Amino acid sequence: MLEIKHIRKSFGRNEVLKDVSLNVKKGEVVVILGPSGSGKTTLLRCLNFLEKADSGEITIGNKNVVIQNAGRKDILDLRRKTGFVFQNYNLFANKTALENIMEGLVTARKVPKKDARNIAEETLKWVGLHDKADYYPSQLSGGQQQRVGIARAVALNPEVILFDEPTSALDPELVGEILELIKKVATKGITMIVVTHEMTFAQDVADKVIFMDGGVVVEEGAPKEIFYRPKEERTKQFLAKFIIPDNMYYI
């Protein structure tokens with residue numbers, strides 16, 4: 001479903017991604033963990049060309065793109081296969097919640113406005129914000145804005161949704177409701193890659209957990225393998241910093 005091969009990305013002399021390869025199956029929920037600066041967000045942004053990697057290959061569905069040869073059409077084709085949920089919502093301040101969801105449908109997918117409105121209304125209802133359709137982002141709480149951001153991604157019916165630390169900008173009391181919504185998205189069978197520090201969420205929802213550090217994939221496996229039987233010392237060191245059940249292997 002999604003495959004990346006030998007992705008490299010540098011900012012100046014700082015090599016942020018060092019030959020990263022990854023496979024994600026259709027319908028799989030993959031959670032990426034790692035310390036700040038490990039390359040998690042950069043990897044996510046490279047997958048739909050919010051950042052252009054220096055080299056490597058990306059395949060989503062039946063579309064394969066060699067980074068060095070990627071043209072405008074290749075980039076647009078890949079972006080149409082993905083939805084992106086940002087840390088800081090990234091909503092259009094001058095558009096209502098409904099219009100924010102419609103924008104990608106009309107502009108990128110060329111969906112007729114009437115149809116786009118119907119889809120947007122149904123998706124807003126699905127995330128519990130049907131009564132906020134005419135509200136602007138400034139009139140919404142952080143949690144509500146992130147719900148709109150998730151609705152915007154889901155409305156596109158993408159092959160994969162990329163979540164970049166979707167709870168990091170929220171007040172602590174709002175984190176739970178957004179995590180529950182992401183769990184709800186997972187029940188739709190949409191392929192998801194989630195960068196997060198929410199360990200309980202990762203254990204509950206992920207089919208696969210990936211631990212990154214220093215621009216490389218240190219370890220990957222099923223949640224029970226990563227959390228209960230990590231093989232790499234660096235993985236153990238990272239996980240030991242979090243409050244976790246006493247019966248976990250590495251305590």
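Reading the values: rules and limits
Residues numbered from 1 in each chain as written. Predicted model: local features only at pLDDT ≥ 70, side-chain atom pairs only at ≥ 80, totals over all residues. Heavy atoms only, no water. Axes fitted to C-alpha atoms, helices over the stretch in contact; angles between N-to-C directions. Helix = DSSP H or I, 4+ residues; strand = E, 2+ residues; numbered from the N terminus. Parallel < 35°, antiparallel > 145°, perpendicular 65-115°, else oblique. Left-handed = near helix turned anticlockwise from the far one by under 90°. Contact = heavy atoms within 4.5 Å. Nonpolar A, V, L, I, M, F, W, Y, C, P; charged D, E, K, R; others polar. Buried < 20%, exposed > 50% of the residue type's maximum accessible area, 1.4 Å probe, protein only. Lys, Arg positive; Asp, Glu negative; His and termini not counted. Salt bridge = Lys/Arg side-chain N within 4 Å of Asp/Glu carboxyl O. Polar contact = N/O pair within 3.5 Å; in protein donor to acceptor, adjacent residues only side chain to side chain.

A. Structural context of the packing of helix H3 (residues 97–107) against helix H5 (residues 142–155). The contact between H3 and H5 brings their axes to 9 Å, and the two run at 30°. One finds that H3 runs roughly parallel with respect to H5. You can see that H3 and H5 cross each other, and the crossing is right-handed. Residues Ala-97, Asn-100, Ile-101 and Leu-105 of H3 pack against Val-148, Ala-151, Arg-152 and Ala-155 of H5. Its residues assigned to classes, the contact of H3 with H5 shows 6 nonpolar, 1 polar and 1 charged.

B. Geometry of the side chain of Lys-40. Residue placement: Lys-40 occurs in helix H1 (residues 40–47). One buried charged side chain, Lys-40, makes no salt bridge at all; its nearest oppositely charged neighbour is Glu-165, positioned 4.2 Å away. In terms of polar contacts, Lys-40 uses its side chain to reach the backbone carbonyl oxygen of Gly-34, at 3.0 Å. A distance of 3.4 Å separates the side chain of Lys-40 from the side chain of Ser-38, its partner in a polar contact.

C. Representation of the environment of Leu-129. Note that Leu-129 resides in the loop between helix H4 (113–126) and H5. Taking the C-alpha atoms as reference points, Leu-129 and Gly-27, separated by 102 residues in sequence, lie 26 Å from one another. With residues near it in sequence (within four places) discarded, Leu-129 still touches Leu-124, Gln-144, Arg-147 and Val-148.

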